[in-house]
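One-letter residues, chain by chain:
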Amino acid sequence: MSDNGEHAARRGLMLVLSSPSGAGKTTISRIVLDKERGSGLSLSISATTRPKRPSEADGVHYQFMGEPDFLKRRDAGEFLEWAEVHGNYYATPRESVETALSAGRDVLFDIDWQGAAQIRKASPDDMVGIFILPPSADALRERLERRAEDDPQTIARRLANARTEITHWNEYQYIVVNHDVDESVGKVLAILKAERERRQRQLGLDGDIRQLLDDLKTMG
Ligand SMILES: Nc1nc2c(ncn2[C@@H]2O[C@H](COP(=O)(O)OP(=O)(O)O)[C@@H](O)[C@H]2O)c(=O)[nH]1
Ligand SMILES: [Mg+2]
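Note that the structure is predicted; figures quoted are calculated from it, not measured.

(A) Spatial organisation of the side chain of Ser29. Turning to its location among the elements, Ser29 is positioned in helix 1 (residues 25-35). By relative accessible area, Ser29 is classed as buried at 3%. Filtering out sequence-adjacent residues up to four positions away, Ser29 remains in contact with Leu17, Leu108 and Asp110.

(B) Focus on the pairing of strand 6 (residues 88-93). Among the six residues in strand 6, six count as buried, and that is most of the element. Where burial is concerned, the two faces of strand 6 agree: the one with Asn88, Tyr90 and Thr92 and the one with Tyr89, Ala91 and Pro93 are both buried. With two bridges connecting them, strand 3 (residues 47-48) and strand 6 associate as antiparallel partners. Paired with Ala47 across the strands is Ala91, a residue of strand 6. Counting the residues that bridge the hairpin from strand 5 (residues 79-85) to strand 6 gives two residues, and of these His86 lies at a positive phi of roughly 50°.

(C) Layout of a nonpolar patch on the surface. A surface patch of nonpolar side chains, about 500 Å² in accessible area, is lined by Ile209, Leu212, Leu213, Leu216 and Met219. Structurally, Ile209 can be placed in helix 8 (residues 205-219).

(D) Representation of the side chain of Arg201. Structurally, the position occupied by Arg201 is in the loop between helix 7 (181-196) and helix 8. Residue Arg201 is classed as buried on the basis of its relative accessible area of 4%. Each residue touching Arg201, except ones within four places of it in the same chain, is listed here: Ala9, Arg10, Arg11, Leu13, Asp125, Asp126, Val128, Glu195 and Arg196.

(E) How the structure looks around the packing of helix 5 (residues 137-147) against helix 6 (residues 152-166). Closest axis-to-axis distance for the helix 5/helix 6 pair is 10 Å, and the angle between their directions is 150°. It follows from the interaxial angle that helix 5 and helix 6 lie roughly antiparallel. Classified by chirality, the crossing of helix 6 by helix 5 is right-handed. Taken together, the residues of helix 6 that come into contact with helix 5 (itself represented by Leu140, Arg141, Leu144, Glu145 and Arg147) are Ile155, Arg158, Leu159 and Ala162. By residue class, the composition of the contact of helix 5 with helix 6 is five nonpolar, no polar and four charged.

Quick notes on the rules
- Residues numbered from 1 in each chain as written.
- Chains lettered and ligands numbered in written order.
- Predicted model: local features only at pLDDT ≥ 70, side-chain atom pairs only at ≥ 80, totals over all residues.
- Heavy atoms only, no water.
- Helix = DSSP H or I, 4+ residues; strand = E, 2+ residues; numbered from the N terminus.
- Buried < 20%, exposed > 50% of the residue type's maximum accessible area, 1.4 Å probe, protein only.
- Contact = heavy atoms within 4.5 Å.
- Pairing = 2+ DSSP bridges.
- Patch = residues over 30% accessible without salt bridge, like charges linked within 9 Å, V, L, I, M, F, W, Y side chains within 5 Å.
- Areas by Shrake-Rupley, 256 points an atom, 1.4 Å probe, with all protein chains shown as cover.
- Salt bridge = Lys/Arg side-chain N within 4 Å of Asp/Glu carboxyl O.
- Axes fitted to C-alpha atoms, helices over the stretch in contact; angles between N-to-C directions.
- Parallel < 35°, antiparallel > 145°, perpendicular 65-115°, else oblique.
- Left-handed = near helix turned anticlockwise from the far one by under 90°.
- Nonpolar A, V, L, I, M, F, W, Y, C, P; charged D, E, K, R; others polar.

What follows is the structure, given as structure tokens:
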């Protein structure tokens with residue numbers, strides 16, 4: 001906005017996606033990240049004590065670790081938030097997120113309602129929460145079964161936990177019902193685009209606008 005063509009610097013935002021297991025949140029986040037490649041959006045890679053699935057890679061989808069390691073890092077204050085989900089521990093490592101945000105880059109989180117609540121409490125102005133809902137109970141069960149990477153007992157537990165997760169829907173600013181992945185991705189991208197333009201996130205606007213007003217006064 002200043003006449004040297006530079007834009008005011010912007011504060012990075014935390015885009016948090018939550019949903020019950022199987023509503024499509026992980027699929028949506030992967031496509032969003034892919035489409036936003038080069039825009040300064042990166043995924044927060046969580047630490048977890050859950051066993052790695054065959055399709056996952058350590059350090060890419062999660063940092064897999066044993067419980068003693070996890071608890072040691074948690075107690076050392078290395079996590080921005082942590083929670084127990086489906087009987088395993090999950091946490092967001094603090095350092096990479098803080099580095100990204102202070103450099104004006106945005107961070108995408110695929111975390112549950114407990115983690116979202118902790119981040120919202122710590123940084124209400126920097127977090128944008130989106131809750132993804134399945135179109136129906138049948139659709140949710142089908143997706144959990146189709147994935148077939150988990151045993152039936154795990155699937156049953158995830159279905160039971162879905163009810164708890166869904167009761168937190170109204171703690172999020174945006175709700176996306178995932179009827180169609182492409183459509184949902186489009187909605188998440190639109191939310192991100194608009195949220196990036198929020199006045200509060202544009203640093204240095206005060207000075208730029210004062211200058212604009214001064215320049216206009218000189219002209220008149
Ligand atoms: N609080 C919190 N939740 C997380 C974190 N990482 C993943 N989760 C959530 O834990 C739940 C289980 O994730 P996962 O084991 O990958 O199975 P999924 O449900 O199939 O995605 C999902 O709701 C994730 O969003 C984290 O760092 N913190
Ligand atoms: Mg997931």
